[in-house]
Amino acid sequence: MFEIDIKGKKAHLLGKQLSVGDKAPNFTVVDENLQPIELADFAGRVIVLNSIPSADMPVSNRQLVKFNQEVSLLHDAIIWSVSMDLPFALRRFCGTYGIRNVMTTSDYQYHDFGMKYGTMIEDLKILGRAVFVIDKEGIIRYAEYVKVQTELPNFNAVYEIVKKYA
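Residues numbered from 1 in each chain as written. Predicted model: local features only at pLDDT ≥ 70, side-chain atom pairs only at ≥ 80, totals over all residues. Heavy atoms only, no water.

Engineer: Explanation requested: the overall build of the protein in the structure shown.
Structural biologist: The helix and strand inventory of the protein stands at 4 helices and 10 strands. The linear arrangement of helices and strands in the protein, starting from the amino end, is β-β-β-β-β-α-β-α-β-α-β-β-β-α. The globule rule puts the C-alpha radius of gyration for 166 residues at 15 Å, and the 14 Å found for the protein is close to it. Judged by the C-alpha coordinates and their principal axes, the protein covers about 40 × 35 × 30 Å. (Helix = DSSP H or I, 4+ residues; strand = E, 2+ residues; numbered from the N terminus. Rg over C-alpha atoms; globule rule 2.2 N^0.38 Å.)

Right under this line is the structure:
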């Protein structure tokens, strides 16, 4: 189990921790309209998977807004955010903050993403902050599990990897 820090308290992530070079596991989540969506639906595309605890949390909010604003740096990659937020809350958040370039989805129904990508926080049953870049062949080219959950991921590293594989 991978250990993270949430406001000075230790927590553990459930599921398999993924690494660069691993085949990206398929998963099912729901979109803002409660429709199931799978990673396999986007085969052949470069994907930035953005795992966040909740869009309503300040750091997650900044993370989503930054990816939304800097979409041009991501060379036509799909920017896909996953949280445990209910789809209705995600729709409200995206409307309030003008999020149009990030696909927001929820793992609340299946818990599939959180377990397959090792981001499920054991005691809280929400997702931990992490970012993965998946290339066109479905291989993970970047994996960052953010150890201190009040910190943002390394955006520059994400941009460089996307540029290399886009």
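Engineer: Whenever I open this one, the nonpolar core confuses me. Can you help?
Structural biologist: As a rule of thumb, nonpolar side chains are buried together in soluble globular proteins. Ranked by size, the top nonpolar core spans 27 residues in total, and within it Leu 49, Trp 80, Phe 113 and Tyr 117 carry the most contacts. Those elements that place two or more of their residues in this core are β2 (9-14), β5 (47-51), β6 (78-83), β8 (120-121), β9 (130-134) and β10 (140-145). Phe 113 has contacts with Phe 27, Val 29, Leu 49, Ser 51, Val 82, Asp 107, Gly 118, Thr 119, Leu 127 and Phe 132, leaving out every residue within four places of it along the chain. If you look at the next biggest cluster of nonpolar residues, it comprises 22 residues, including Phe 93, Val 133, Phe 155 and Val 158. (Core = buried A, V, L, I, M, F, W, Y, C linked by side-chain atoms within 4.5 Å. Buried < 20%, exposed > 50% of the residue type's maximum accessible area, 1.4 Å probe, protein only. Contact = heavy atoms within 4.5 Å.)

Engineer: So what exactly am I meant to see when it comes to the packing of aromatic side chains here?
Structural biologist: For any pair of aromatic rings, the description consists of the separation of the ring centres together with the inter-plane angle of the planes. Per the counting criterion, the structure on display carries 11 aromatic pairs. For the pair Phe 2 and Tyr 145, a centre-to-centre distance of 5.7 Å together with 50° between the ring planes defines the contact as tilted. Residue Phe 2 is found in strand β1 (residues 2-6), and its partner Tyr 145 is found in strand β10; the two are separated by 143 residues along the sequence. Looking at Tyr 145, the relative accessible area reads 13%, which means it is buried. Among the aromatic residues, those joined into a ring-pair cluster are Phe 2, Phe 27, Phe 42, Trp 80, Phe 113, Tyr 117, Phe 132 and Tyr 145. Looking at Lys 147, its charged tip hangs above the ring of Phe 2, at a distance of 5.7 Å from the centre. (Phe/Tyr/Trp six-rings, centres within 6.5 Å; stacked < 30°, edge-to-face > 60°. Lys NZ or Arg CZ within 6 Å of the ring centre and 35° of its normal.)

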